[in-house]
Amino acid sequence: MDKKNALRAGALAAGTTLMMLLMSSPALALTRDDGDDPGTGLSVVETLGLYVLAPLALFAIIAGLVMVLDRSHPDHRVSVPGTKGKAKAKVAAKA
């Protein structure tokens, strides 16, 4: 009984996928629509700058601002076990 259900589900998935592929023809993307006015393409340098360098620069700026503007107290920071952390300075009160 399980094999019938699996075969039915597989046939349904294959049929649905085939219909989706047939209905969305990529050839329709080549025909121009009324009012379609494409601009000039990007060069390789412009593409790399826009999609690689700009996100990396933005990430670096945000990470740098977070590190510079960090106001957390050193005692509250989590230290990795097994590493030598900073010893707390003991202040002896002279009375």
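In the nomenclature of an unreviewed UniProt entry, the protein corresponds to Secreted protein from the organism Streptomyces anthocyanicus.

**Describing the overall build of the protein**
Scanning the protein for helices and strands turns up two helices and zero strands. Split into buried and exposed, the 95 residues of the protein put 0% on the buried side. Surface accessibility of the protein: about 9,700 Å² in total, with carbon and sulfur atoms responsible for 68%.

**Some points on a nonpolar patch on the surface**
A surface patch of nonpolar side chains, about 830 Å² in accessible area, is lined by Leu42, Val44, Leu48, Leu50, Tyr51, Val52, Leu53 and Leu56. Along the polypeptide, Tyr51 turns up in helix α2 (residues 44-68). Residue classification places Tyr51 among the exposed residues on the basis of a relative accessible area of 58%.

**Quick word on the UniProt feature "transmembrane region" (unreviewed entry) in the protein**
The UniProt record annotates "transmembrane region" (unreviewed entry) at residues 48-69. Strand forms 0% of residues 48-69 and helix 95%; the C-alpha atoms that close the span are 30 Å apart.

**Comments concerning α2**
Here α2 spans 34 Å end to end across 25 residues, near enough to the 36 Å set by a 1.5 Å rise per residue. Along its length, α2 shows its largest kink, about 35°, at Leu53, and proline Pro55 lies within four residues downstream of that point.

**Considering helix α1 (residues 2-23)**
Given a rise of 1.5 Å per residue, 22 residues ought to cover 32 Å, and the 32 Å separating the end C-alpha atoms of α1 matches this to within 8%. Of all 22 residues in α1, zero are buried, a share of ten percent or less.

What counts, and at which threshold
- Just so you know, the residues in each chain are numbered from 1, in the order the chain's sequence is written.
- pLDDT decides what is reported in this predicted model: residues at 70 or higher carry local features, side-chain atom pairs at 80 or more are listed and counted, and totals for whole chains, interfaces and linings draw on all residues regardless.
- To obtain the side-chain values, all non-hydrogen atoms of the structure were used and water was disregarded.
- The helix and strand labels rest on DSSP assignments: H or I over at least four residues marks a helix, E over at least two residues marks a strand, and numbering proceeds from the N terminus.
- Exposure categories follow from relative accessible area, calculated using a 1.4 Å probe and restricted to protein chains: below 20% of the type maximum is buried, above 50% is exposed, and the middle band is partly exposed.
- Calculation of accessible area relied on Shrake-Rupley with a 1.4 Å probe; when residues are assessed, cover is drawn exclusively from the protein chains displayed.
- Two joining distances apply to patches: 9 Å for like charges and 5 Å for nonpolar side chains (Val, Leu, Ile, Met, Phe, Trp, Tyr), and every residue must have over 30% relative accessible area and no salt bridge.
- Any carboxyl oxygen of Asp or Glu that lies within 4 Å of a side-chain nitrogen of Lys or Arg is treated as forming a salt bridge with it.
- UniProt positions are given in the numbering used here, feature names are shortened, and annotations may be inferred rather than shown by experiment.
- Helix span, expected: 1.5 Å multiplied by one less than the number of residues in the helix.
- The term bend refers to the angle at a residue between two fitted axes, each drawn through seven residues, those ending there and those starting there.

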